[in-house]
Amino acid sequence: MSIVIKGATVVSTYGQRQMDVRIVDEKIAAVGVDIATPADTIVDARGCYLLPGFIDAHTHMELNNGPGTASTADNFTTGTIAAVAKGTTAVIDMATPDRGHSLQECLATWNNLAAGKSSSDYSYHMSLIEWNSQLAAEIPKMAAQGITSFKMYMAYDNLRTTDAEIYAAMCEIKKVHGMLGIHCENGDLVNALQAQYLANGLTAPKYHALTRPNQLEAEAINRYLTIAALADLPVNIVHLSTRESLAVVRAARARGQKVYVETCPQYLLLDDHYYELPNFEGAKYVCSPPLRSQQDEQALWQALEQGEINTISTDHCDFNFHEQKFIGKDDFTKIPGGMPGVETRPELIYTAGVTTGKISVEQFVGLLSENIARQFGMYPQKGIIQVGSDADLVIWDPQQTGVISAQTQLQNVDYSAFEGFKTKGAARAVYLRGQQVAAQGQLLVGQQGKFIARHGSDYHLK
Ligand code: URP
Ligand code: ZN
Ligand code: ZN
Ligand code: ZN
């Protein structure tokens, strides 16, 4: 099978140029000006960008918080349909073992959730919710199976570990050139503030934000980076959301530390006024870290413009508003945290970032694809349009307009956090390893996703 995509402007972080791309089977076979057809299929993509498939490095496709709590509205089947239809051809999901269980078991559980069901390619960050010698011995075994990134938590009582455990885990992760991401919030202080608010009868969704103030994120990031400096490990900060945190990152970088920063569309496009919505609608926006002030949003955009933020992923973790979010009707601490987002990231960031001139289309490609592939050991298999790479491609129509709405979304959840947002720019066609899997935002063929065995992070090399 060969396909030639003609006349699009091919983009990478290095620049853009009008070129043709030949796909043979699953790979890119040629990239050049006026490359020879014949091919089985010729696609005229003039007027469009040709972009490497987007990668979402932060999803919770299928999260079950246990008995009496909520499970995510999406699962691997539905969530990855929404992803791939709009241009996200790979996801790295958060795999979380149960306490006392091995990473190997967790890997098997997640493979069970994804294999044969995922419509995007997929991998996992392996969560370390506790630490002991057995888990330490499993780190190289995970790396040998292509799992080279790990996740830890400084908040959530069921997930967080001590600073000493984080340090010990970092020392093992370093040996495999792995990448660690941490959820940074001071969990003790979150607990203390929550108890204080509830004791005063303050139970509404808006208190979710007030009990997780900016400083609790910045303090945790500072502690994380202190530990990472001791371990001499390059590290990722997931879902960074505040201007105080950016200051902490700048200081660490000024000392020569390798720090990589992820933010998410919700911290760039939504602010804490949403928690004031009537009829419990603020619960739709309960996620951790919470939505921040407009000042924080502006600081994040400035950091993006200046290249201080490396990646944008979604933290897709969706619960239905009716029923699931309502579990916390009388107690904001019981509202299941997280929101939908895997479907809308490309259109939102292109619209708010590229069409406004805040970021270039080259930066857009870096933030949603190339930087992620490099950081998480998938480059150059993913994240770039060059000979030999997987033919994960998005024909991006910069003129296509739309309106985000729960009515039309593919995510299997009963609301959109971005309801009514007008978009400009959308995926016209999406190819996953050479096969066209989506057209005009709709799925053509599903469940073609494969596990991506990843190598160590490129950021250990430099
Ligand atoms: O509230 C959120 N973000 N839920 C998902 C888990 C996490 O903290 O990333
Ligand atoms: Zn088990
Ligand atoms: Zn988190
Ligand atoms: Zn998350």
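Residues numbered from 1 in each chain as written. Chains lettered and ligands numbered in written order. Predicted model: local features only at pLDDT ≥ 70, side-chain atom pairs only at ≥ 80, totals over all residues. Heavy atoms only, no water.

The name an unreviewed UniProt entry assigns to the protein chain is Dihydropyrimidinase. The Cofactor (unreviewed entry) comment attached to the protein chain in UniProt states, word for word, "Zn(2+)". Within the UniProt record for the protein chain, the comment given under Sequence similarities (unreviewed entry) is "Belongs to the metallo-dependent hydrolases superfamily. Hydantoinase/dihydropyrimidinase family." (UniProt positions renumbered as here; feature names shortened; annotations may be inferred.)

## So, the site of ligand 1
Surveying the vicinity of ligand 1 reveals the residues His58, His60, Tyr156, His183, His239, Cys287, Ser288, Asp315, Cys317, Gly337 and Gly338. Side-chain polar atom of tyrosine 156 to an oxygen atom of ligand 1: 2.6 Å apart, as the coordinates give it. Burial of ligand 1 by the surrounding chains reaches 94%, relative to a free accessible area of 260 Å². Considered class by class, the residues forming the shell around ligand 1 number 3 nonpolar, 7 polar and 1 charged. (Near = heavy atom within 4 Å. Polar contact = N/O pair within 3.5 Å; in protein donor to acceptor, adjacent residues only side chain to side chain. Areas by Shrake-Rupley, 256 points an atom, 1.4 Å probe, with all protein chains shown as cover. Nonpolar A, V, L, I, M, F, W, Y, C, P; charged D, E, K, R; others polar.)

## Re helix H11 (residues 345-354)
Across the 10 residues of H11, 10 count as buried, placing the element largely inside the fold. Within H11, burial applies to Arg345, Pro346, Glu347, Leu348, Ile349, Tyr350, Thr351, Ala352, Gly353 and Val354. (Buried < 20%, exposed > 50% of the residue type's maximum accessible area, 1.4 Å probe, protein only. Helix = DSSP H or I, 4+ residues; strand = E, 2+ residues; numbered from the N terminus.)

## Quick look at the coordination of the zinc ion (ligand 4)
Ligation of the zinc ion (ligand 4) by protein atoms is provided by His58 (NE2), His60 (NE2) and Asp315 (OD), these donors lying 2.0 to 2.1 Å from the ion. Here the zinc ion (ligand 4) and the zinc ion (ligand 3) are spaced 3.7 Å apart. (Donors = N, O, S within 2.8 Å, 3.2 Å for Na, K, Ca; no water.)

## Let's talk about the coordination of the zinc ion (ligand 3)
Looking at the zinc ion (ligand 3), one finds its protein donor set to be His183 (ND1) and His239 (NE2), positioned 2.1 Å from the metal centre. Coordination at the zinc ion (ligand 3) comes from 4 donor atoms whose angles at the metal span 57 to 146°, giving a geometry best classed as irregular. (Tetrahedral: all angles 85-135°; square planar, octahedral: opposite > 155°, others 65-115°.)

## Some points on unusual backbone geometry
With an omega of -10°, the peptide bond running from serine 288 to proline 289 counts as cis. With respect to the secondary-structure elements, proline 289 resides in the loop between helix H9 (265-269) and helix H10 (294-305). Along the chain, tyrosine 379 connects to proline 380 via a cis peptide bond; the corresponding omega equals 5°. When you line up the elements, proline 380 lands in the loop between helix H12 (361-375) and strand E14 (393-403). The backbone of histidine 177 shows a phi angle near 55°, a positive value even though the residue is not glycine. For histidine 177, the position within the fold is in the loop between helix H4 (163-175) and strand E10 (179-183).

## Remarks on the domain arrangement of the protein chain
Along its sequence, the protein chain is carved into domain 1 (2-51 + 383-398 + 422-443) and domain 2 (53-375). The gap between the C-alpha centroids of domain 1 and domain 2 is 30 Å. Listed per partner, the contact involves 30 residues of domain 1 and 27 residues of domain 2. For the pairing of domain 1 and domain 2, the buried interface totals around 2,200 Å² over both sides, and the portion due to carbon and sulfur atoms is 63%. Looking at the side of domain 1 facing domain 2, the largest losses of area belong to Thr13, Gly383 and Trp396, adding up to 24% of the total buried there. (Domains from an automatic or database assignment. Contact = heavy atoms within 4.5 Å. Buried area = accessible area lost by both parts, 1.4 Å probe.)

## Notes on the sheet that holds strand E7 (residues 88-95)
Pairing between the strands of a sheet is mediated by backbone hydrogen bonds and can be parallel or antiparallel. As summarised here, the arrangement of the 8 strands in space is E6-E7-E8-E9-E10-E11-E12-E13, forming an open sheet in which the pairing is parallel. In the strand order of this sheet, the two ends are held by strand E6 (54-59) and strand E13 (311-312), each with one partner. Pairing of E6 with E7, which is carried by 4 bridges, proceeds in the parallel orientation. By the bridge assignment for E7, threonine 59 is matched with aspartate 93. Along the sheet, helix H2 (residues 103-114) contacts E7 and strand E8 (121-127); its crossing angle with E8, the most-contacted strand, is approximately 150°. (Pairing = 2+ DSSP bridges. Axes fitted to C-alpha atoms, helices over the stretch in contact; angles between N-to-C directions.)

## Observations regarding the packing of H11 against H12
Direction vectors running N to C along H11 and H12 enclose 145°, while the axes themselves pass 9 Å from each other. In this structure, the crossing between H11 and H12 has a hand that is right-handed. Contact with H11, carried on its side by Arg345, Pro346, Ile349, Tyr350 and Val354, involves Val361, Phe364, Leu368 and Ile372 of H12 and no other residues of that element. For the contact of H11 with H12, the residue count by class is 8 nonpolar, no polar and 1 charged. (Left-handed = near helix turned anticlockwise from the far one by under 90°.)

## Some details on the nonpolar core
For soluble globular proteins, nonpolar side chains are generally found buried alongside one another. Formed by 108 residues in total, the largest nonpolar core has its most connected members in Met170, Leu180, Tyr224 and Phe364. The element contributing the most residues to this core is helix H7 (residues 214-231), with 8 residues. Counting only domains with at least three residues in this core, you end up with domain 1 (2-51 + 383-398 + 422-443) and domain 2 (53-375). Counting 18 residues, the second largest nonpolar core, distinct from the first, contains Met19, Ile23, Leu393 and Tyr431. (Core = buried A, V, L, I, M, F, W, Y, C linked by side-chain atoms within 4.5 Å.)

## Side note on the layout of surface pockets
The calculated volume of the second largest pocket comes to roughly 320 Å³. Put simply, the parts of the chain that give the lining of the second largest pocket at least two residues each are E14 and strand E15 (422-432). Along the lines of polarity and charge, the residues of the lining of the second largest pocket split into 4 nonpolar, 12 polar and 3 charged. Shared between two domains, the lining of the second largest pocket holds at least three residues of each, these being domain 1 (2-51 + 383-398 + 422-443) and domain 2 (53-375). (1 Å grid on protein atoms, 1.4 Å probe; cavity = no way out; pocket = protein on both sides within 12 Å on 5 of 7 lines; lining within 4 Å. Points joined across faces, edges and corners; volume = space filled by probe spheres on them.)

## Topic: the packing of H4 against H7
At a minimum axis separation of 9 Å, H4 and H7 run at an interaxial angle of 45°. If you check the angle between H4 and H7, you find them oblique. Note that H4 runs across H7; the crossing there is right-handed. When H4 is examined against H7, the residues Asp163, Ile166, Tyr167, Met170, Cys171 and Lys174 are found in contact with a partner set consisting of Arg223, Tyr224, Ile227, Ala228, Leu230 and Ala231. Among the residues making up the contact of H4 with H7, the classes are represented as 9 nonpolar, no polar and 3 charged. (Parallel < 35°, antiparallel > 145°, perpendicular 65-115°, else oblique.)

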